[in-house]
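A look at the structure
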Amino acid sequence: MDSEIAADYSPLLKIYKSGRIERLMGETAVPPSLTPQNGVISKDVVSSPEHNLSVRLYLPEKAPGGDEKLPLLVYFHGGGFIIETAFSPTYHNFLTAAVSASGCIAVSVDYRRAPEHPLPISFDDSWTSLKWVFTHISGSGPESWLNEHADFGRVFLAGDSAGATIAHHMTMRAAKEKLSPELSDSGISGGIVLVHPYFWSKAPVDDKETKDAAVRAKIEGIWMMASPNNKDGVDDPWLNVVQSESVDISGLGCGKVLVLVAEKDALARQGWGYKAKLEKSGWKGKVELVESEGEEHVFHLTRPDCERAVEAMKKFAGFIKGEM
């Protein structure tokens, strides 16, 4: 019975008739290290004992002390809400490189994944972790690195794919709910970076978006595995942020947005649509979009040393350094 497959979502995972789930990628974990890697040290800290969730912190080895603080990046990993973790080699290497390039302190958030924990649990866990980060705003939180080095006047949220979806929704929520009673204002002070964001809708967002039935069915299937209980399918407002007229993003809780898309990514046109919708919404901030020509979804994670990935990292780091 345990060997009989109920659903095969290769190369992501297989679900067996016994209920067992076998993830086929993103399950390897690498330890943090206080020995510098690319000039960056890291450690894991429990952020939600109730759900046994931790975050991974990254800090430049030569971080200044005293009153000189660093921009704070909170990062949400991708993987369709289903695979990958904050502790995989993919994300450990990416965050190490991002911290090295930008000179920030970073918190890489882990969250419970579908299908065992269907949406919106990933969003709820991410909000809990974000609130935990903000318990350090006055310098008296449980984690010394954040108390000593994080500048809460320069907070950035970022993520790739499903993690970008999370970053968007956290920023919408932060506009309505203060992350800390000690904040003078709501929202995210620095801005957000959405890398190859996972937004979708039943109908193509424009005439350039793929109409390939197999591609669209695959994207829809991943969403329904992550969110089996929703009544709207891929038009669920958690996912259909761009095309749905009922989803208002004019209240996005930040002043700057950087959207990175890859030309050959099926999700790229949603990124373009997000930028256009934000600009037309009445939102008062500034949004910039950069497209990586000839590249596929999350290419920068699988080929971090290629020319386009280096360019994307430079743009990502520059945003955190305040160059937009």
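To be clear, the structure that these remarks concern was listed above.
Residues numbered from 1 in each chain as written. Predicted model: local features only at pLDDT ≥ 70, side-chain atom pairs only at ≥ 80, totals over all residues. Heavy atoms only, no water.

Comments concerning the pairing of strand β10 (residues 256-262)
The element β10 is extensively covered by neighbouring structure, given that 6 of its 7 residues are classed as buried. Sheet analysis places strand β9 (residues 191-195) next to β10, joined by 4 bridges and oriented parallel. The partner of I192 across the bridge, within β10, is V257. Judged from the 7 bridges that link them, β10 and strand β11 (residues 286-292) form a sheet pairing that is parallel. For L260, the partnering residue across the bridge sits in β11 and is V290. (Buried < 20%, exposed > 50% of the residue type's maximum accessible area, 1.4 Å probe, protein only. Helix = DSSP H or I, 4+ residues; strand = E, 2+ residues; numbered from the N terminus. Pairing = 2+ DSSP bridges.)

Structural notes on the sheet that holds strand β2 (residues 13-16)
Ordered in space as β1-β2-β3, the 3 strands form an open sheet in which the pairing is antiparallel. The open sheet is flanked by β1 (5-9) and β3 (21-23), the only strands paired with a single partner. Across the sheet, the mean angle from the axis of one strand to that of its neighbour is 10 degrees, orientation sign disregarded. Sheet analysis places β1 next to β2, joined by 4 bridges and oriented antiparallel. Among the inter-strand pairings, Y9 is bridged to a residue of β2, identified as L13. (Axes fitted to C-alpha atoms, helices over the stretch in contact; angles between N-to-C directions.)

Looking at the sheet that holds β9
Taken in spatial order, the 8 strands of this open sheet run β4-β5-β7-β6-β8-β9-β10-β11, and their pairing is mixed. Only two strands of the sheet have a single neighbouring strand rather than two, namely β4 (40-48) and β11. Geometrically, the sheet is characterised by an average inter-axis angle of 20 degrees between neighbouring strands, direction not taken into account. On the sheet, helix α1 (residues 89-102) packs against β4, β5 (53-60), β6 (70-76), β7 (105-109) and β8 (150-160) and is oriented at approximately 35 degrees with respect to β5. (Contact = heavy atoms within 4.5 Å.)

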